[in-house]
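Analysis of the macromolecular model
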Amino acid sequence: MPVLYVNGKQVTLDDDPRTTLLDTLREHPNLTGTKKGCDHGQCGACTLLLDGRRVNSCLILAIQCEGSEVTTIEGLGQGEHLHPMQQAFVKHDGFQCGYCTPGQICSAVGMLEEVGNGEPSDVTGRGDVTLSRAEIQERMSGNLCRCGAYVNIVDAILDTADAHSLKNGGAAT
Amino acid sequence: MTNPASIGQPLDRVDGPLKVSGRATYAAEHAFDQPPLVGWIVEATIPAGRIKQLDTGAAESSTGVAAVLTHHNAAAQTPFGEPGDEGRFTQSRAMLFDDHIRYHGFPIALVIADTLANARHAAKLIKIRYEPDKDAVTTAGQEADEIPEELDGGMEPDLFQGDFEQAYNDAEVTLDVTYTTPNQAAAAMEPHAAIASFDGDELTVYMSVQLIGPAVKALATTLKFDPDKIRVLSPYIGGGFGSKLGVHNEAILACLGALHLKRPVKVVQHRRNVFHNAPHRGSSVQRIQLGASRDGKLQAIGHESFMPMARGYEFAEPTGAPARTTYRTDALKSTHRVKSIDMPVADSCRAPGHAIGSLAFESAIDEMAYQCDQDPLAFRLANMPDKDPSTGQPFASHDLAECLREGAEKFGWQSREQQPGNRSQGRQLIGYGVASTIRVNMLVPSKTRIRLSADGTLTAWADMTDIGTGTYTILTQIAADTMGLPADRINIELGDSRYPPSCGSGGSFGAASSGSALLDACENMRTKVLDIARAQSNKGDEPAENARFENGQVIWGNKTLLLTELLNKSGEAYLETEGEVEPGDDHDNYSQHSYGAQFAEVHVDRDTGEVRVQRLLGVFSAGRILNPKTARSQLLGGMVWGQSYALLEELMLDDRYGTFMNRDLAEYHLPVNRDMPAIDIHFRDEPDPRSNRLGSKGIGELSICGAGAAVANAVYHATGVRVRDFPVTLDKILEHLPE
Amino acid sequence: MKPFDYRRIQTVEEIGRDEPGQARFLAGGTNLIDLMKHEIEVPDRLLDISRLQLASIEDGENGGLRVGTLVTNTALASDPRVRKTWPLLSAALLSGATAQLRNRATTGGNLLQRTRCFYFYDTARPCNKRNRGEGCSAREGQNRIHAILGASDHCIATHPSDMAVAVVALDASLTLRAVDGSERELPVEELHRLPGDHPELDTVLAPDELILGVTLPAPPPGRQLYRKVRDRSSYAFALISVGVILHVVEGKVDSIRIAFGGVAHKPWRAHKAEAALLGQTATEANFRLAAEAELADAKGYGSNDFKIPLARRTLVATLRDAAHSEEEVPA
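Residues numbered from 1 in each chain as written. Chains lettered and ligands numbered in written order. Predicted model: local features only at pLDDT ≥ 70, side-chain atom pairs only at ≥ 80, totals over all residues. Heavy atoms only, no water.

Now for the overall build of chain A. Looking only at helices and strands, one finds five helices and five strands in chain A. Along the chain direction, N to C, the helices and strands of chain A fall in the order β-β-α-β-β-β-α-α-α-α. Counting only C-alpha atoms and orienting by the principal axes, one finds that chain A spans roughly 50 × 35 × 30 Å. Among the 173 residues that make up chain A, the fraction classed as buried is 65%. Counting contacts in chain A only where the partners sit at least 6 residues apart, residues at least 24 apart contribute 56% of the total. Here chain A has roughly 5900 Å² of accessible surface; of this, 49% comes from carbon and sulfur atoms. (Helix = DSSP H or I, 4+ residues; strand = E, 2+ residues; numbered from the N terminus. Buried < 20%, exposed > 50% of the residue type's maximum accessible area, 1.4 Å probe, protein only. Contact = heavy atoms within 4.5 Å. Areas by Shrake-Rupley, 256 points an atom, 1.4 Å probe, with all protein chains shown as cover.)

Shown next as C-alpha cells:
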C-alpha cells in the first residue's frame, strides 16, 4: 500500500487515485487542521509543506506524493509548545475566524525559506531579495483572508523573521 | 497590578492557540466512530420552472453510492417559508420538497456516498430534464415597485419628513444622481458545512451557523421534528458575515440524508455551491437627490432604493439608513422598493443597508460638496445633525464631528489639493477622500448561566457563537474583570443549543448583548458569594459596594478572603447563577449608533486606470472598547471590506441563466495581502452609558460603512472622474482619462 | 472526477502507443486536476511524468538556455541566468499565480494550461471548446476577460499564461516527442492555435505528444519589460499584459519584440507593431502608431471593449518605460 509521511508519521493512502492530498488529511482523525476553502487552488487555505515547499494540497493527488514528507499545521511546534510563527500570530492577532490560519502559517514558514534561498518575487526586481513589508505582502498573496487580518499577518511574519534573523545573526530589514 | 484579562486590556484571543495549531474544530471536522457518509449537492441550472424528469438510476448504482435523495424520496417536510408568521430564521427551509425550482443553483438532488470522489462523480451521471418557466425574471433595476413588508432591522420602508419636493425645488444648489452596487457575496473562507446524525431519537447537527436557537427551530419546523430532540453545535465558525445567520441547504440536506440512511451524513457546500446557496447581498440602484443653500447647508435629502428580492424569500436591506440619519435636514424622503425575481436568495450581509447605502450616499454627499465648491470635510462638518433627522429623537451619543476632525488632523487632510486631478507622482495620480461612518447600535435579548467551582474556576454557558468576532475572549474578560479571576481560570462554553439562549452573532450586537448577560450573571454571582462571606464572617452590615473581587479573592472591609476557601467552607461544590439582558428604554428613546470617520489616499495609474490604495485611516467612536486588540481587528476587517466593495467585488450576472458567472474565488475578487494599504486605526474610547451596562457599542460592521466611499471619493479627487457604478474598476475610469 | 488509471512512468519509452482510451500527462497538476474535478478533462489514464529526467536547466548553444519541461515555474524564475539574461521571462513568471502554484507548476504545464473563460468552466453552459458544435455562451454573455484579437464566431476565449507571452516574445522553441519516439522542434509561437473552426483544439500537439523542453535563444539586445494589468494587485489573471524587448540606438528603434497576453486564444506576437516601429524614432507618437497598427482589427464583445484602448495604452506605457530606462541588458 502506498504511504506518505505526515509530520514524521506514516499515513497509508487509500486505493482511489482521485483522492487529493487535502482530502487524505481531512479524512484522517487528527489531521483536520489543513483547511478546504475552495478545493480548486484559488484561496490557499489548504497550503502545507510538501518536501519543504509550500503548495496547495487540494490540487495534488495523494498518490503523486507517495514517499514524500508532508508538514501540516499540526506538525509545526512541539505538542503544547507553539512554533514561533504560531506564537507571533496569536500575539499580533493575525486571524479572526481562524479558518485561513493554518494555511497562512504554513505558507509563511515556507515563504521565509524561499526568501532565505534568494528566490525572487514580483516585487523584487533585479537585485537581491530582502524581507520588506512589500515583499511579504506579495509573497503572501496566495492566502486569502476574508476577515481581513492581512496587516496583522504581515506584522506577525516580520516579528518572527526578525527574531529568527537576530537569533542567527543574519541581517533583518 | 492590572489583571491582563480585565475589560479594556488587549488580551490575546483565548481560542488563539487552538486556531493557530489547527485544533479548532469547524463543522466538517467533527470526528465520529465511523466516518460520515458524504453528500454532494446537485444544483438546478435554470432560474425558474420545474423538474420534468430526474433519472438517478446510473448514479444510484455508481461505486460507493449509498443513496440519491430527490423530491421523490426525501422525508416529508413543512413547505418552504411556512409558517408565514415566523421570522425567516425559524421558518421551514425545506429542500427536495417538490419539482419546483426556486433559482439557478437550487438543490434538486443529494448524492450520498462513501467518499467525496464517488459522490461527486456519481452526480455527473444524473440526467435531468427541465420545464423552464418562460417568464422567469432574473434582473431588477429601477423598475422595482413592490413595497417590502419591512426592512431588515425594522426600519419603515418609506419615510418622509417635512416637504421634500418643496425644499428640493427651492434649494439653490441641487444634485440628482443615481448610483448602482452589484450583487455581492459574503464569501466566508469556510464553505457552509454540516454533519447530521440521527440515533433513532435525537438529531444532532454540527453546523456553521451564527444563530443557534433559531437554527433548532428552523430544523424542527422544516423536518416536523420535536425541537427538544434536536441538538445543534457550532463551536467554531470560519466566517459568517450574515451568510450563516439562518439554516441553509447543506444543513437540511445533511439531516434528510441522516434520517434516510440512519447514518451520519456530511454535506460541505462546494465553493461554487456557496455562491448560490449561501445568501448573497442583492444589487441596488440608489437615486439620491440633495438640495442645499449656496453656502453648503443641506436642506433636502432624498434617497430612493431599488433592489431585487428572491421570489418567495421576503428580505430587503435598509439601504436608505445612512441618508436618514447622518446629516441634518428638515426635509427628508427615503423610500425602498423591491422586485421579486428568480434569483438565489438575498439575505443579510455584513452591515445590511449601511454597507452599500454608505457607498452611494457618501459619494453623493462628496459630489454635493464639490458642487457647492466646498472642501468635502468642511461640508460634512457644517451639516452635523443635533437630533436624528428621521425620527426627531435625541442621539444616545454623537461624536461624528469629533471623529471627522481628529481623523482629518491625523491624516494630514489640510495638505490636500482643493481641485481634483491636480496632484501626481510619475504616472500616478494622487487623491484623498473622506467619508462619514455610521452604523446602528443594537442591544438584543440574551441569557447565560455561570458556575463558580470550589477550585476557583468559572464556567459560563450560552448558545452564543464566535464567528471571528472574539466572543470567547471578550466574555472571558468580562468574567475575569467582574469576578477578579485570571483568564486561565475561566472557561467559556459556546455554540451548543443545550446552553442558555443568547443573541447569537449578527448586527454587531454580539459582544454587547451576550456580554451584558454575562455581566448580569457575574453580578448575581458576586451577590451570592458575598452572602456566603457575610454568613461566614458575620459582616452583616458591610455595604456590598465596598467589596472588591481581585486575584481570586474577595477584599471586603479589612478582610481578604480566598474564593476557593469561601466555597470549600460553605460545603458547596459550586455556585450557579443566571444572567440576562433585555433592551430597555434607552434603545426606544434614543437613536443609537456607532460612528467613525474614514480617510483614504489612492494612486491611479494614468495609463491603465489601475487604482491602488496607499493609506486608510479611521477614527472610530464605539463606546467603551472591551478589547483594543480584537476591536482593532474587527475594524481592520471592515475597512478591507469597504475597499473591496469600492474597487473589486462584483458577482457577474448572466441574465439569460439567472446565475453569476464568476462563481469562484479566482474570478470573484476579494482583496489579497498585496492590496493592503497602510491602515491606521484610532478609537475614541469613551463609554456610552445609554448603550448597555458595559458602555460598549457595536463594532463588527462599523468600518465597512464609509470605507468604500472614502476610497471612491479619493479616486474622484485623483482623477476628476466620478464613477457611479460600483465597483470602480479600471475600465470605468479609463474612458475618461486622457491618453 | 471520473475514475482513471494512474501510472507513474520512469522513462519516456513507457508512453504507450496502442493503449485504449485517452491519456493525459500529469506533472504539477495545478491546471489538470482542477479541470478533472469539474470533469472538463476526463482522461482514462493519467501518466505521472514527474519522475522523468526533464527537470534541469542547461546552458545551450550560442548563449541560449535549455529548460526541461519539468522545471517548476519557481525554479525557472529564480534561476540566476534567467534573471540576468532573460529578465522578461522571470518577470512574467513571477507575475503569475502564487508561490504555492509556481512551486508545482511546470514549464510544459504552464504552456498547456487551458482558458479561464467562465463558460468553459460552467459545464451547464454551451461551449464549443468543451464540446464542438454546442455553441459559444460567452459571445453574448459576460466577456470581460475575453479575446479582442484572432477570435472566431465559435470561440472568444483567451490563453491565460504570462510565461507563454514571454517565451513567444523571446522566440523560444519547443522540443517535442511523438508517441512513436520521434522528436521535432517547434517555435513556441506556433504551439497555440487560433480558435477558427476548431476551438476544441488549444494547440497543434498530436495526441500523447510530449513537450520535452523549451530552448531559449540568446535574447536580442535591449531592455526587457513585462507589464501586467489586472483588477487586483496580485493573484489575478491579466486583463492585458505586454512583454517588450526594446533596443534604442541614437534615438532609433534598433531591435523590438512585442507580445500581448489577455487578448487572444494564444499569446499574441505583435508583428505588425514591431514592423511599424523598427527603424523609427523611439517617440511616444510612434509607439502609439505601432499599437494602433497592431490593434486595427481588434474587436470587443461588449464587456471587453475596454481592452482595446487598454492594450494600446499599456503597450505605449511599457515602451515608454523601456525607452527611458537607464539600464539595458548587456548585449
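The next subject is the overall build of chain C. For chain C, the helix and strand inventory stands at 11 helices and 12 strands. Computed over the C-alpha atoms, the radius of gyration of chain C is 20 Å, within 12% of the 20 Å expected from 2.2 N^0.38 for a compact globule of 331 residues. Sequence separation of at least 24 residues holds for 64% of the intrachain contacts in chain C that already meet a minimum separation of 6. Taken together, the 41 basic and 43 acidic charged side chains of chain C have centroids lying 5 Å from each other. (Rg over C-alpha atoms; globule rule 2.2 N^0.38 Å. Lys, Arg positive; Asp, Glu negative; His and termini not counted. Charge placed at Lys NZ, Arg CZ, Asp CG, Glu CD.)

This part takes up the state of the cysteines. Residue and element names in this part refer to chain A. Under the defined criterion, the tally for this structure stands at zero disulfides over all chains. Note on cysteine 58: no disulfide assigned, nearest cysteine sulfur contributed by cysteine 46 at a separation of 3.7 Å. With relative accessibility at 1%, the residue cysteine 58 sits in the buried group. (Disulfide = S-S within 2.5 Å.)

The next thing to look at is the pattern of salt bridges. Residues and elements named next belong to chain B. Following the criterion strictly, the structure yields 86 salt bridges over all chains and no others. Put simply, arginine 50 and aspartate 99 hold a salt bridge, and the shortest N to O gap is 2.9 Å. Taken together, the residues span a long stretch of sequence, with arginine 50 in strand S2 (residues 49–55) and aspartate 99 in the loop between strand S3 (65–69) and strand S4 (100–101) at a distance of 49 residues. Residue class for arginine 50 comes out partly exposed when judged on its relative accessible area of 29%. (Salt bridge = Lys/Arg side-chain N within 4 Å of Asp/Glu carboxyl O.)

For the rest of this paragraph, the subject is helix H11 (residues 400–411) of chain B. Residues and elements named next belong to chain B. Taking 1.5 Å of rise per residue, the 12 residues of H11 would be expected to cover 16 Å, and the 16 Å separating its terminal C-alpha atoms lies within 8% of that figure. Among the residues of H11, Leu400, Ala401, Cys403, Leu404, Gly407, Ala408 and Phe411 are the ones counted as buried. Mapping the buried residues of H11 onto a view down its axis gives an arc of 160°, with all of them on the same face. Where H11 is buried, its residues contact helix H10 (376–381), strand S17 (428–440), strand S25 (593–605) and strand S26 (611–621). (Expected span 1.5 Å × (residues − 1). Arc of directions from axis to C-beta.)

The next subject is helix H17 (residues 704–719) of chain B. Residues and elements named next belong to chain B. Taking 1.5 Å of rise per residue, 16 residues should cover 22 Å, and H17 covers 24 Å from first to last C-alpha, within 8% of that figure. Here H17 lies mainly inside the structure; 16 of its 16 residues are buried. Looking one or two residues beyond H17, the residue adopting positive phi is glycine 720, at roughly 75°.

With that settled, consider the packing of helix H13 (residues 510–537) of chain B against helix H14 (residues 563–570) of chain B. All names here are of chain B. Remark: H13 packs on H14, axes separated minimally by 10 Å, with the N-to-C direction vectors making an angle of 70°. When the axis of H13 is compared with that of H14, the two are roughly perpendicular. For the pair H13 and H14, the sense of crossing is left-handed. Where H13 approaches H14, its residues Val529, Ile532, Ala533 and Gln536 are matched on the opposing element by Leu563, Leu566, Lys569 and Ser570. Considering only residue class, the contact of H13 with H14 consists of five nonpolar, two polar and one charged. (Axes fitted to C-alpha atoms, helices over the stretch in contact; angles between N-to-C directions. Parallel < 35°, antiparallel > 145°, perpendicular 65-115°, else oblique. Left-handed = near helix turned anticlockwise from the far one by under 90°. Nonpolar A, V, L, I, M, F, W, Y, C, P; charged D, E, K, R; others polar.)

This paragraph deals with the interface of chain C and chain A. Interfaces are often sized by the amount of accessible area the parts lose when they come together. On the chain A side, the residues contacting the 41 residues of chain C number 38 residues. Between chain C and chain A, roughly 3100 Å² of surface is buried when both sides are summed, and carbon and sulfur atoms account for 49% of that area. Linking chain C with chain A are three salt bridges, by the criterion used here. Scanning the region where chain C abuts chain A turns up 20 residue pairs in polar contact (both at pLDDT 80 or more). Counting only elements with at least two residues in the side of chain C that touches chain A, the list comes to strand S1 (5–8), helix H1 (32–37), strand S3 (45–48), helix H2 (73–78), helix H3 (80–85), helix H4 (87–95) and helix H5 (99–102) of chain C. A total of four residues in the side of chain C that touches chain A trace back to one element, the largest contributor, which is H4(C). (Buried area = accessible area lost by both parts, 1.4 Å probe. Polar contact = N/O pair within 3.5 Å; in protein donor to acceptor, adjacent residues only side chain to side chain.)

Further remarks concern empty space enclosed by the protein. This structure, assessed with the given rule, holds 15 cavities of 30 Å³ or more. Empty space within the largest cavity amounts to approximately 210 Å³. If you trace the largest cavity, you find 22 residues lining it, with B:Glu667, C:Ile145, C:Phe237, C:Ala238 and C:Leu239 closest to the centre. Here the residues of the lining of the largest cavity sort into nine nonpolar, seven polar and six charged. Taken together, the residues that form the lining of the second largest cavity break down as nine nonpolar, four polar and two charged. (1 Å grid on protein atoms, 1.4 Å probe; cavity = no way out; pocket = protein on both sides within 12 Å on 5 of 7 lines; lining within 4 Å. Points joined across faces, edges and corners; volume = space filled by probe spheres on them.)

With that settled, the discussion passes to the sheet that holds strand S11 (residues 252–261) of chain C. Paired through their backbone hydrogen bonds, the strands of a sheet run either parallel or antiparallel. Residue and element names in this part refer to chain C. Read from one edge of the open sheet, four strands run S9-S10-S11-S12, paired in antiparallel fashion. Here the strands that pair on one side only, and so sit at the sheet edges, are strand S9 (223–229) and strand S12 (268–269). The strands touched by H4 within the sheet are S9 and strand S10 (240–249), with S9 carrying the most contacts at an inclination of about 15°. (Pairing = 2+ DSSP bridges.)

Quick look at the confidence of the model for chain C now. Residues and elements named next belong to chain C. Overall, the predicted model of chain C reaches an average pLDDT of 96, with 98% of residues at or above 70. Every residue in residues 327–331 is under pLDDT 50, and counting partners more than four places away or in other chains gives 14 contacts. Model confidence for the complex: the whole-complex pTM is 0.97, and ipTM, which rates the interface, is 0.97. (pLDDT = per-residue confidence, 0-100.)

This part takes up the sheet that holds strand S4 (residues 53–56) of chain A. Residues and elements named next belong to chain A. Within the open sheet, the five strands sit side by side as S2-S1-S5-S3-S4. Their pairing is mixed. Of all strands in the sheet, those bounded by a partner on one side alone are strand S2 (9–12) and S4. The mean angle between the axes of side-by-side strands here comes to 40°, regardless of whether they run parallel or antiparallel. Where strand S1 (residues 3–6) and strand S5 (residues 69–71) come together, two bridges link them in parallel fashion. By the bridge assignment, tyrosine 5 is partnered in S5 with glutamate 69.

Residue and element names in this part refer to chain B. Cis geometry marks the peptide bond from glutamate 82 to proline 83; its omega dihedral reads -10°. With an omega of -5°, the peptide bond running from phenylalanine 726 to proline 727 counts as cis. On the secondary structure map, proline 727 appears in the loop between H17 and helix H18 (730–734). Within the chain, aspartate 373 stands out as a residue other than glycine whose phi angle is a positive 60°. Following the sequence through the fold, aspartate 373 ends up in the loop between helix H9 (354–371) and H10. Judged by its relative accessible area of 59%, aspartate 373 falls in the exposed class.

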